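# A look at the structure
In case you want the letters, here they are:
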Amino acid sequence: MSAPEIRTIGVVGLGAMGAGIAQLSIEAGYETVGREVTDELGEKARDRIAHFLQRKVDKERMTADERFAVLERLALQTELAALSDCDLVIEAIVEDLEAKHALFAELEGIVRPDAILATNTSALSVTEIASAVSTPERVVGMHFFNPAPLMPLVEIVRAELSSDDAVDAAYTLGERLGKKPIRCHDTPGFVVNRILIPLLNDCIRALDEARISPEELDTAMTAGAGWPMGPCTLVDLVGIDVHVHASEALYEKLREPRIAPPPRIVAMRNAGLLGRKSGRGFYSYD
Ligand SMILES: NC(=O)c1ccc[n+]([C@@H]2O[C@H](COP(=O)([O-])OP(=O)(O)OC[C@H]3O[C@@H](n4cnc5c(N)ncnc54)[C@H](O)[C@@H]3O)[C@@H](O)[C@H]2O)c1
């Protein structure tokens, strides 16, 4: 297949990641079709995007007219058929293989034969997701980081059967969205999570082994290793439930003991100490 010129982008699922990706897309000048399961969820995502763009207006990084024009490029839909003219569709729905398979199989019957299908999955195999379609060469991973509008990296993931054209088109799109893309192959955790998840779990184990406080651990890693943010602050920000889930998913695939979540954070997750979002994790938040 040869990749189409990307003019119109579809984003399926406008939750935490999808709304951010849709924002990047409209800010970069692409006509964007956002698909959610209900009108209310779509409107909620648009409100969030509008709010972030307003902050740019307030900081004089965008004019009110520009904000209006940017928001005009986002069309909200609940019907998947509305994605038929998209040159590239980015899937950002729930992290569930069956749900993604059902979506990709349906999408294949709707979009043009040369349209690219990208998944933002963090922990599933892009190759396995692509097995739902009869043209897996058009499927790639585009793994953005949370919050997508602010985090510069996007991992462009080549699955077993991805075509060079699809990978190149996703890479170029990553650049046009203002990101720093890197290419990688479809392996568990891709690059950043493969490294960061075991590292954060080692950090948490060191809390108990070295009998230090979260504050001391954060000081150790910021002042001694040059991290921009300490590991306890980072895990609280990501969400302890999200981190435990990601650790379990990666451990299931690689079976390396360092990747398994330490019992301490599993207990915190089970007790509802989820970090910033619940008001209490390693630290307390008002
Ligand atoms: N949250 C993160 O830090 C993060 C980072 C990188 C990648 N990811 C990946 O991005 C994807 C989305 O994660 P999220 O955190 O945004 O989840 P989320 O729960 O915030 O959003 C998912 C959204 O998808 C919608 N949805 C579900 N099925 C749908 C369908 N068939 N069509 C349209 N919309 C549908 C839901 O209504 C929900 O709004 C997952 O695959 C996740 O692994 C998440």
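To be clear, the structure that these remarks concern was listed above.
To start, this report covers the structure provided alongside it. What you are looking at is a predicted structure, and each value in this text was computed from that prediction instead of being measured.

Conventions and cut-offs
- Residues numbered from 1 in each chain as written.
- Predicted model: local features only at pLDDT ≥ 70, side-chain atom pairs only at ≥ 80, totals over all residues.
- Heavy atoms only, no water.
- 1 Å grid on protein atoms, 1.4 Å probe; cavity = no way out; pocket = protein on both sides within 12 Å on 5 of 7 lines; lining within 4 Å.
- Points joined across faces, edges and corners; volume = space filled by probe spheres on them.
- Helix = DSSP H or I, 4+ residues; strand = E, 2+ residues; numbered from the N terminus.
- Nonpolar A, V, L, I, M, F, W, Y, C, P; charged D, E, K, R; others polar.
- Pairing = 2+ DSSP bridges.
- Axes fitted to C-alpha atoms, helices over the stretch in contact; angles between N-to-C directions.
- Near = heavy atom within 4 Å.
- Polar contact = N/O pair within 3.5 Å; in protein donor to acceptor, adjacent residues only side chain to side chain.
- Expected span 1.5 Å × (residues − 1).
- Buried < 20%, exposed > 50% of the residue type's maximum accessible area, 1.4 Å probe, protein only.

## Details of empty space enclosed by the protein
According to the stated counting rule, one finds one cavity of 30 Å³ or more in the structure shown. At the level of secondary structure, the elements contributing two or more residues to the lining of the largest cavity comprise α7 (192-209) and α10 (240-254). In the lining of the largest cavity, the residues fall into six nonpolar, three polar and one charged.

## Focus: the sheet that holds strand β5 (residues 116-119)
Spatially, the eight strands line up as an open sheet ordered β3-β2-β1-β4-β5-β6-β7-β8, and their pairing is mixed. Since the sheet does not close on itself, it has two edges, and those belong to β3 (74-77) and β8 (180-185), each with one partner. Across the sheet, the mean angle from the axis of one strand to that of its neighbour is 25 degrees, orientation sign disregarded. Pairing geometry for strand β6 (residues 139-144) and strand β7 (residues 153-158), over four bridges, is antiparallel. Paired with G141 across the bridge in β7 is V157.

## Structural notes on the layout of surface pockets
One number sums up the size of the largest pocket: a volume of about 2000 Å³. What lines the largest pocket is a set of 50 residues, among which M17, S122, N146, V238 and V242 lie closest to the centre. Contributing elements (two or more residues each) for the lining of the largest pocket: α1 (16-27), α4 (97-108), β6, α7, α9 (231-238) and α10. Considering only residue class, the lining of the largest pocket consists of 30 nonpolar, twelve polar and eight charged. Of the volumes computed, that of the second largest pocket is approximately 430 Å³. Every residue lining the second largest pocket is counted, 19 residues in all, and those nearest its centre are Q23, F52, K56, P149 and L150. Sorting the residues of the lining of the second largest pocket by element identifies α1 and α2 (39-58) as the ones contributing at least two each.

## A look at the site of the ligand
Taken together, 19 residues are adjacent to the ligand, and M17, E36, E95, K100 and S122 come closest. Within the side chain of E36, one N or O atom sits 2.5 Å away from an oxygen atom of the ligand. N120 places a polar side-chain atom, nitrogen or oxygen, 3.0 Å from an oxygen atom of the ligand. Looking at the shell around the ligand, the elements with two or more residues in it are α1 and β6. Looking at the shell around the ligand residue by residue, the class counts come to eight nonpolar, seven polar and four charged.

## Considering helix α6 (residues 164-176)
Spanning 13 residues, α6 covers 18 Å between terminal C-alpha atoms, matching the ideal 18 Å at 1.5 Å per step. Within α6, the full set of buried residues consists of A166, V167, A169, A170, Y171, L173 and G174. Note on α6: the residue one or two positions beyond its end, G178, has a positive phi of about 85 degrees.

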